[in-house]
Amino acid sequence: MSHSTTYVPKSAFAKWFETRLPVAGLVHSSFIAFPVPRNLTYFWTFGAILVFMLAAQIVTGVFLAMYYTPNAAMAFQSVEHIMRDVNYGWLLRYLHANGASMFFIAVYIHIFRNFYYGSYKAPREVLYILGVVIFILMMATAFMGYVLPWGQMSFWGATVITNLFSAIPLVGDTIVSYLWGGYAVGNPTLNRFFSLHFLLPFMIAGVVILHVWALHVPGQNNPTGIPIKSGKDAVPFTPYATIKDVFAVVVFMLFFAWWVFYIPNYLGHADNYIPANPAVTPAHIVPEWYFLPFYAILRAIPDKLGGVIAMFSAIVIWVFMPWLDTSKVRSTAYRPLYKQFFWVFVAVCVLLGWLGAKPAEGYYTLAAQICTVYYFAHFLIVLPVLGFIERPLPLPNSILESVMGVQKVGAGMPAGAHAEPQSKG
Amino acid sequence: MAHPTHAVEPTRRDFLFIATGAAAAVSGATLVWPFVQSLAPDAATVAAGAPVEVDLTPIAEGQIVKLFWRGKLIFVRNRTPAEIKAAEDVNVATLRDPQADAARVKAGHAQWLVVYGNCTHLGCVPLGHQGEYEGWFCPCHGSIFDTSGRVRGGPAPTNLPVPPYTFTSDTKIVIGQEATA
Ligand code: HEM
Ligand code: FES
């Protein structure tokens, strides 16, 4: 959809400016007049929440970087200095450390929303794949950030994750020493991780712009999965979506604040308050909670290279979802069979996360192996096969009909329910 | 589209386009080299890899001592006769990474095992005197090593490697230096 803007500059200056840089028109057509489906739920506010979280991480991060010292001998002390001496340093750090978790909570809800409503299907494949790219960049950023305080978990997390690359045949060891800048994780590693941790969020911001751009071509999906057909299916972005997004962000901020002010260390590990010691590994090392399902998959495979391949495949397989899912119906609300498989899949992912935090022995390993097999079967068997054997429920004729009920459409609508007529391509 | 059917003769301009493009591609690719190379261990790190001398006298029988060479952890283990026997009595053919104990220690010094101290799975430090064979047990993902540092279970693919070292006397070794004779 190429929406020529309906923006009309009012003042002489606005006119002068618009003919030189038509940014106001772009904002107007993207965030003011842009038609959004009238039936969106709060699951559609997580995009705005994610933008807020990215901004929050960048602002708190830039301030932390003013007081943090990326040197193996001083990093741990400098974080303690932030916590004890810098004015409100404790707040900056707790916002940033918990902010990473909040970011991941929001992104997982956002991703599973897409899985449920089939938002990855045509015509939104590129939009969706850009989302997967953002997720991978987020994982890299969070991993490198966690290394910066240079505690025991930082050091051993960095060691274990960089060593994943040593599984690559022939060149693995060379790659790892290039990642480290030495023969083990050390000061050069910390320096480059800090540099990249600073850079990557801005690359994420770049991909977010492409993501939103790609979103504005087909427009948003919605709980019915059927496209906007007439102006009555849509409402303008402002004020409807704007105010809803702002409200959701505020509620999310309350949730965020609860962690920051009441249990700021709940999601961290006590061991990370012990300075890095290359001679002793903590008895029980676990990654941050948001990596646990993938970590469980890594450990489920009793072979080094196999485990690494399985772990990376578990994310990369997402990219192929638009083509693995053979069903033409987007929304799971109209897919009775798939709905059950969807919830089983959610349960398996949560279970994998739980197993990732358990020691890798006995029944835990067995359970992780079963879940890993199911995880891949969901993509490689369930998604392709269901499209052929499932009989979807009848779809409503329009978004309006799904909201108002069939009888009411065409009859009089309640006052105020009329949106400005929108033309949607 | 209506293309002329005869092939157009390449012109001097075509040649210049291709030559310029090729030069740009080659120089672009060349520029990547110094950036990638800068990531490798730097000269100071490599220089810090000078050999280290270790005095074995204070290491009691059964004790494992940890030290660093080139920033990497190394275990020096003074093995008990029972541990040596356990390591030697293994049927090498049954091992994941088959290696005789004799190939992992210096002749006449079977008492001393010197190995790198990072698990060959993902680099954690295994705990000494633990696990089924009382060699080492890695707490991270459960790899098991015997009293020769050979992998006997878990995800680790290979034995704990033996670093280059040599005995300069009966109670002294130099790590980072192979015997010259
Ligand atoms: C995608 C956005 C980001 C994520 C997910 C993220 C994540 C993290 C995490 C998990 C930590 C470890 C916190 C701890 O346990 O102490 C951290 C630390 C840090 N980050 Fe970020 N970060 C992001 C953006 C940024 C940016 C843009 C900067 C700088 C411009 C930055 C600077 C820092 C600094 C200096 C630290 C070390 C201080 C500390 O450990 O609290 N971060 N980051
Ligand atoms: S690092 Fe030792 S078992 Fe994984």
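One numbering rule holds for all chains: residues counted from 1, following each sequence as written. Think of it this way: whatever chain is written first is A, whatever ligand is written first is 1, and the rest follow in order. Two thresholds apply to this predicted model, a pLDDT of at least 70 for residue-level local features and 80 or more for giving and counting side-chain atom pairs, whereas whole-chain, interface and lining totals are computed over all residues. Each side-chain value is derived from all of the structure's non-hydrogen atoms; neither hydrogens nor water enter the calculation.

> How should I be thinking about the overall build of chain B in this particular structure?
What chain B contains, in helices and strands, is three helices and ten strands. Where helices and strands are cited, they refer to DSSP runs of H or I of at least four residues and of E of at least two residues respectively, numbered from the N terminus. Element order for chain B, N to C, with α for helix and β for strand: α-α-β-β-β-α-β-β-β-β-β-β-β. Here the globule rule reads 2.2 Å times residues to the power 0.38, and the radius of gyration is calculated from C-alpha atoms. In terms of overall dimensions, chain B is more spread out than a globule: its C-alpha atoms have a radius of gyration of 27 Å, far above the 16 Å expected for 181 residues. Projected onto the principal axes, the alpha-carbon positions of chain B cover approximately 90 × 35 × 30 Å.

> Help me understand the domain arrangement of chain B, please; the structure alone is not making it clear to me.
The accessible area lost on association of the parts is a frequent measure of interface size. What the domain assignment reports for chain B is domain 1 (9-40) and domain 2 (47-175). Bear in mind that the domain bounds are from an automatic or database domain assignment. Averaged C-alpha coordinates put domain 1 of chain B and domain 2 of chain B at centres separated by 50 Å.

> Would you take a moment to explain the coordination of the iron atom of ligand 1 for this structure?
For a metal with four donors in a tetrahedral arrangement, the ideal angle between donors is 109.5 degrees, while six donors in an octahedron ideally sit at 90 or 180 degrees. Residue and element names in this part refer to chain A. Sites may look incomplete because water is not among the atoms; the donors themselves are N, O and S atoms within 2.8 Å of the metal, or within 3.2 Å for Na, K and Ca. For the iron atom of ligand 1, the full set of protein donor atoms is H96 (NE2) and H197 (NE2), and the range of their distances to it is 1.9 Å. Metal-centred angles of 87 to 179° between the six donor atoms at the iron atom of ligand 1 mark the site as octahedral. Linking H96 in helix α5 (residues 89-117) with H197 in helix α9 (residues 187-215), this pair joins segments that are 101 residues apart in sequence. A site with four donors is called tetrahedral when every donor-metal-donor angle falls between 85 and 135 degrees; four donors are called square planar, and six octahedral, when opposite donors sit more than 155 degrees apart and all other angles fall between 65 and 115; any other arrangement is irregular.

> Sorry, what's going on with the sheet that holds strand β2 (residues 64-69) of chain B here?
The pairing of strands in a sheet happens through backbone hydrogen bonds and is either parallel or antiparallel. Residue and element names in this part refer to chain B. By this definition, two strands are paired if DSSP reports at least two bridges between them. Overall, antiparallel pairing links the three strands, which are arranged β2-β3-β4 in an open sheet. Because the sheet does not close on itself, it has two edges, and the strands there are β2 and β4 (112-116). When strand polarity is set aside, the average angle formed by the axes of neighbouring strands in this sheet is 25°. Two elements, β2 and strand β3 (residues 72-78), share six bridges in a ladder whose sense is antiparallel. Pairing of L67 across the sheet is with I74, part of β3. In this analysis an axis means a line fitted to C-alpha atoms, helices contributing only their contacting stretch, and an angle means the value between N-to-C directions, from 0 to 180 degrees.

> Teacher, can you tell me more about the sheet that holds strand β10 (residues 172-175) of chain B here?
Residue and element names in this part refer to chain B. If you trace the three strands from one edge of the open sheet to the other, you get β1-β10-β9, paired in antiparallel fashion. The sheet is open, and its two edges are formed by β1 (52-55) and β9 (165-169), each paired on a single side. Taken pair by pair, the neighbouring strands of this sheet meet at an average axis angle of 30°, ignoring direction. The pairing of β1 with β10 spans four bridges and is antiparallel. Looking at the pairing, V54 lines up with I173 of β10.

> Would you mind going over the interface of chain A and chain B with me for this structure?
Between two residues, a contact is recorded if the distance between any of their heavy atoms is within 4.5 Å. Taken together, the contact between chain A and chain B spans 26 residues of the former and 27 residues of the latter. Summed over both partners, buried area is the accessible surface (1.4 Å probe) that two parts give up on being assembled. With both chains or domains summed, chain A and chain B bury close to 2100 Å², and 62% of this area falls on carbon and sulfur atoms. A per-residue breakdown of the area chain A buries against chain B is headed by Y178, Y183 and K304 of chain A, which together make up 36% of the total. For salt bridges, the criterion is a side-chain nitrogen of Lys or Arg within 4 Å of an Asp or Glu carboxyl oxygen. The tally of links from chain A across to chain B stands at zero salt bridges.

> Even after reading the chapter, I still don't get the packing of aromatic side chains, so can you show me in this structure?
Each aromatic ring pair is summarised here by two numbers: the centre-to-centre distance and the angle between the ring planes. Residues and elements named next belong to chain A. Pairing of aromatic rings covers Phe, Tyr and Trp, the last through its six-membered ring, and needs centres within 6.5 Å; plane angles under 30 degrees mean stacked, over 60 mean edge-to-face, and all others mean tilted. The final tally for this structure, using the stated rule, is 47 aromatic pairs over all chains. Their ring planes at 65° and their centres at 6.3 Å tell us that F104 and F291 sit as a pair that is edge-to-face. Remark: F291 occurs in the loop between α10 (237-262) and α11 (292-300) and F104 occurs in helix α5; sequence separation between them is 187 residues. Burial classes follow relative accessibility: with a 1.4 Å probe on protein chains only, a residue under 20% of its type's maximum area counts as buried, one over 50% as exposed, and anything between as partly exposed. A residue is classified by how much of its surface remains accessible, and F104, at 2% relative accessible area, is buried. You can call F291 buried: its relative accessible area is 14%. When the ring of F198 is compared with that of F202, the centres are 6.3 Å apart and the planes differ by 20°; the resulting orientation is stacked. Of the two residues, F198 and F202 are both situated in helix α9; the distance of four residues between them amounts to about one turn of the helix. The criterion for a charge sitting over a ring is simple: Lys NZ or Arg CZ within 6 Å of the ring centre, and within 35 degrees of the ring normal. Above the ring of W44, the side-chain terminus of R113 is found at 4.8 Å from the ring centroid.

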